[in-house]
Amino acid sequence: MMKVKQRGQTGQRGVSLDHVWLFAGVAFVALRVLLTPIQPHDFWWHMATGRVIVATGTIPTVDSFSYTQAGQPFYNQSWLAQVGMYLLFSVGGAPLIIFVQALLLACAYGLLLRLAIRQSGRLRLSVGVLLLGTLPASFDNWLVRPQSYALVIFIIYLYLLTVWRDPHEPRRQQWLWPPLLLLPLLGMIWVNVHGSFVLGGALIGLVFVGEVLRRWIERRRARRQGSTAPLRPPLVQLIIIGSLTGLSWLINPGGLQVLGYVGNLLSSSQVTQLVTEWAPPTTRDLNGAIFFLFVMAGIVILAYAHTRPDPVDMLLAGAFLWLALGAGRNNIWFVAVVSPLLARQLAAWRSAEVPTRPLYQGLPMANAILIGLISLLLVLALPWVKPWLDLPPEVGSLLAPETPVDAVALLRRDPQRPERLFHDMGYGSYLIWAAPEQKVWADPRIELYPLEQWLDYQRLNAGTKVESLIEAYQIDGLLLSNEQQAALVAWAEEQPAWELRFRDEVSSYFVRRR
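Residues numbered from 1 in each chain as written. Predicted model: local features only at pLDDT ≥ 70, side-chain atom pairs only at ≥ 80, totals over all residues. Heavy atoms only, no water.

When you look at the overall build of the protein chain in this model, what are you seeing that I'm missing?
A count of helices and strands for the protein chain gives 20 helices and four strands. A compact globule built from 514 residues should have a C-alpha radius of gyration of about 24 Å, and the protein chain, at 26 Å, falls within 12% of that. Residue burial in the protein chain is summarised as follows: out of 514 residues, 51% are buried. Sequence separation of at least 24 residues holds for 74% of the intrachain contacts in the protein chain that already meet a minimum separation of 6. Per element, the accessible surface of the protein chain, about 23,700 Å² overall, is 64% carbon and sulfur. In the protein chain, 42 side chains carry a positive charge and 34 a negative one; their mean positions are 16 Å apart. (Helix = DSSP H or I, 4+ residues; strand = E, 2+ residues; numbered from the N terminus. Rg over C-alpha atoms; globule rule 2.2 N^0.38 Å. Buried < 20%, exposed > 50% of the residue type's maximum accessible area, 1.4 Å probe, protein only. Contact = heavy atoms within 4.5 Å. Areas by Shrake-Rupley, 256 points an atom, 1.4 Å probe, with all protein chains shown as cover. Lys, Arg positive; Asp, Glu negative; His and termini not counted. Charge placed at Lys NZ, Arg CZ, Asp CG, Glu CD.)

Just to check I follow, could you spell out the packing of aromatic side chains for this structure?
Here a ring pair, both rings aromatic, is described through the centre-centre distance and the interplanar angle of the planes. Inspection of the entire model under this criterion finds 27 aromatic pairs. Arranged with centres 6.1 Å apart and planes meeting at 80°, the rings of W44 and F89 form a pair that is edge-to-face. Residue W44 is found in helix 2 (residues 40–56), and its partner F89 is found in helix 3 (residues 79–120); the two are separated by 45 residues along the sequence. On the accessibility criterion, W44 (3% relative accessible area) is buried. Taking NZ or CZ as reference, R445 lies 5.2 Å from the ring centre of F74, over its face. (Phe/Tyr/Trp six-rings, centres within 6.5 Å; stacked < 30°, edge-to-face > 60°. Lys NZ or Arg CZ within 6 Å of the ring centre and 35° of its normal.)

How should the pairing of strand 2 (residues 477–481) be read in this particular structure?
Residues in a regular strand point their side chains to alternate faces of the sheet. Among the five residues in strand 2, five count as buried, and that is most of the element. Pairing analysis gives three bridges linking strand 1 (residues 421–423) to strand 2, with the strands arranged parallel. What sits directly across from H423, in strand 2, is L479. Here strand 2 runs beside strand 4 (residues 507–512); their pairing, made up of five bridges, is antiparallel. What sits directly across from L479, in strand 4, is Y509. (Pairing = 2+ DSSP bridges.)

Explain the sheet that holds strand 3 (residues 498–503) to me, please; I cannot follow it from the model alone.
Picture the strands of a sheet paired through backbone hydrogen bonds; they go either parallel or antiparallel. An order of 1-2-4-3 is seen for the four strands of this open sheet, with the pairing classed as mixed. Every interior strand has two partners, whereas the edge strands, strand 1 and strand 3, have only one. Put simply, the sheet's adjacent strands are angled 20° from each other on average, direction ignored. (Axes fitted to C-alpha atoms, helices over the stretch in contact; angles between N-to-C directions.)

I'm lost on a nonpolar patch on the surface in this one. Help?
Together, M365, I369, L370, L373, L376, V379, L380, W388, L389 and L391 make up a nonpolar patch on the protein surface, roughly 990 Å² of accessible area in all. Turning to its location among the elements, L389 is positioned in the loop between helix 14 (364–381) and helix 15 (393–396). Residue classification places L389 among the partly exposed residues on the basis of a relative accessible area of 35%. (Patch = residues over 30% accessible without salt bridge, like charges linked within 9 Å, V, L, I, M, F, W, Y side chains within 5 Å. Salt bridge = Lys/Arg side-chain N within 4 Å of Asp/Glu carboxyl O.)

What should I look at first to understand the nonpolar core in this one?
Considering soluble globular proteins, one finds that nonpolar side chains tend to be buried as a cluster. Counting residues in each nonpolar core, the largest one holds 136 residues, and the members touching the most others are Y109, W142, F154, F320, F334, F422 and I475. Looking at this core element by element, the count peaks at 15 residues for helix 3. Setting aside chain neighbours within four positions, we find I475 in contact with Y67, R420, F422, W441, L460, L469, I470, W498 and R512. (Core = buried A, V, L, I, M, F, W, Y, C linked by side-chain atoms within 4.5 Å.)

So what exactly am I meant to see when it comes to the pattern of salt bridges here?
Side chains bearing opposite charge may pair, as long as their charged atoms lie close to each other. Tallied over the entire structure, the rule returns 21 salt bridges. One network of salt bridges, in which partners are shared, links R165, E211, R214, R215, D310 and D313.

Got a minute to help me understand the confidence of the model for the protein chain in this structure?
Confidence in the prediction of the protein chain, expressed as mean pLDDT, is 90, and 94% of residues score 70 or more. Confidence over residues 1–10 falls short of pLDDT 50; this stretch has 33 contacts with residues more than four positions distant or in other chains. (pLDDT = per-residue confidence, 0-100.)

Could you clarify how one ought to interpret a positive patch on the surface in this entry?
Taken together, the side chains of R219, R220, R221, R223, R224 and R308 make up a positively charged region of the molecular surface. Assignment of secondary structure puts R223 in helix 7 (residues 198–225).

Can you help me understand unusual backbone geometry in this one?
What you tend to see is this: most non-glycine residues have negative phi, and most peptide bonds are trans. For K465, which is not a glycine, the phi torsion comes out positive at approximately 55°. Along the chain, K465 turns up in the loop between helix 18 (451–461) and helix 19 (466–473). Here Q474, not a glycine, exhibits a phi torsion of approximately 55°, which is positive. Within the element layout of this structure, Q474 appears in the loop between helix 19 and strand 2. Overall, the relative accessible area of 54% leaves Q474 in the exposed class.

Just checking my understanding: could you explain helix 19 for this structure?
Given 3.6 residues per helical turn, the α-helix brings residues three or four places apart onto the same face. The complete set of buried residues in helix 19 reads V466, L469, I470 and Y473. Angular distribution of buried residues about the axis of helix 19 spans 100°; they occupy a single face of the element. Residues of helix 19 that are buried sit in contact with helix 18, helix 20 (486–493), strand 3 and strand 4. Phi turns positive, to about 55°, at Q474, one or two residues after helix 19. (Arc of directions from axis to C-beta.)

Please explain the environment of Y86 as it appears in this structure.
Position of Y86 among the secondary structure elements: in helix 3. Taking C-alpha positions, Y86 is 39 Å from T464, a pair spaced 378 residues apart along the chain. For Y86, the contacting residues outside a window of four places in its chain are M47, G50, R51, V54 and W433.

Please explain the pairing of strand 3 as it appears in this structure.
With five bridges connecting them, strand 3 and strand 4 associate as antiparallel partners. From the neighbouring strand, R503 faces strand 4, where its bridge partner is S508. A loop of three residues connects strand 3 with strand 4, the two strands running antiparallel in sequence.

Looking at this structure, how should I read helix 17 (residues 425–434)?
The buried count for helix 17 comes to nine of 10 residues, which makes it a mostly enclosed element. Among all positions of helix 17, only G426, Y427, G428, S429, Y430, L431, I432, W433 and A434 are buried. Contact partners of the buried residues in helix 17: helix 2, helix 3, helix 16 (405–413), strand 1, strand 2 and strand 4. Sitting at the head of helix 17, D424 places a side-chain oxygen 2.9 Å from the backbone nitrogen of G426. (Polar contact = N/O pair within 3.5 Å; in protein donor to acceptor, adjacent residues only side chain to side chain.)

Next comes the structure, spelled out in structure tokens:
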């Protein structure tokens, strides 16, 4: 890995324009998170499970939230993240949850930015890649859920394994580079946070395979040229760390069951057929279009760079691109992996023979003012401040506008509340938290509910076979999204047997007359 002097280093004292670029890169990541309300789907059921774990001291193994699958086995792998989320909420409510989310992602992408600068030697270019490419291609997956906490660990893995590959650092030649020991230690946390822990093993394995191939090619080239192959870190280090990381996965309440859980989740018909974020990305939606634009831009950057890309980086990019093409939610891993590579190759567009001159660093006082203005934006976006600014709810609210807060509050006060409520899937998550005594029909734990039940969910939402399905499930109440379940709302309005008890811009609440 080539060591490059950072272009633009001038030795200027005080706050330089490079400092402004660095601060802006990390700050705008945090700003995007701070301005994103908590989405209802995954957040609330994780919170409710954390509450159960803290209250009982045990991790649930069967479903206790629904009336359709009550008592059915459910493997709750993300227990550590759930407990952490619940404790944070208990201390500081939604504002603290959002603040910690912003802090974690800012640190994670700050580390990714540091890696991009290390790879490219170009600070401002790396910030540009982060803000113009990495951020828009990633933030759709920056929801408050265990995956976001896992992303932090993933980027630490990526950083350490990339730095380890640097042949210019003599410290890597010892029998074991001490920072690599962080990988199995973090693996113990990751395996109890999110099912993506297997990606840590994939990173180690792919780097090992890539290094084997690279060294084989280098030895053949050296023999032909009568030279000596570059000295690289011993591969035995990866074997040791990979083995320790695999063993660290066993440190979880279910032992080897956790691997079965991941396999079952990936092969679940409910997940692969019905969940939008588990479907392959498509240009028919904005996030899919941004992803493919990112990929096409990456191909152009790689094609026109003056130097060949690192083969290990290309192996990682190819493997994670395959993963991202299989499911939209996986693009976050791919984008993180390729961002440093693209920064390095984009820097190589300029020939090494072309002389460079120091970049203008501005006036220290003006630079400090710029940082102050960006800091002010961050302060105004803080979750304790922004509710007072009368911002649009899409950015100013702490909870997403589609969260049925008022409807659920009225339902809980209803003296004749239904026993078998049908509702929007995301509402099920919020009900589990806000009305734990109200058992749900279904919720975002997609793999828990059989495929036929989800097909019935689609039929009800479309307003087809409503009478027969209501009788089959003995439904006596409806808590519906006005937008997502408009056909069923229209059906209920026309039925004399159903009484409308609440309606606002978000939801409608009907109860069957007795």
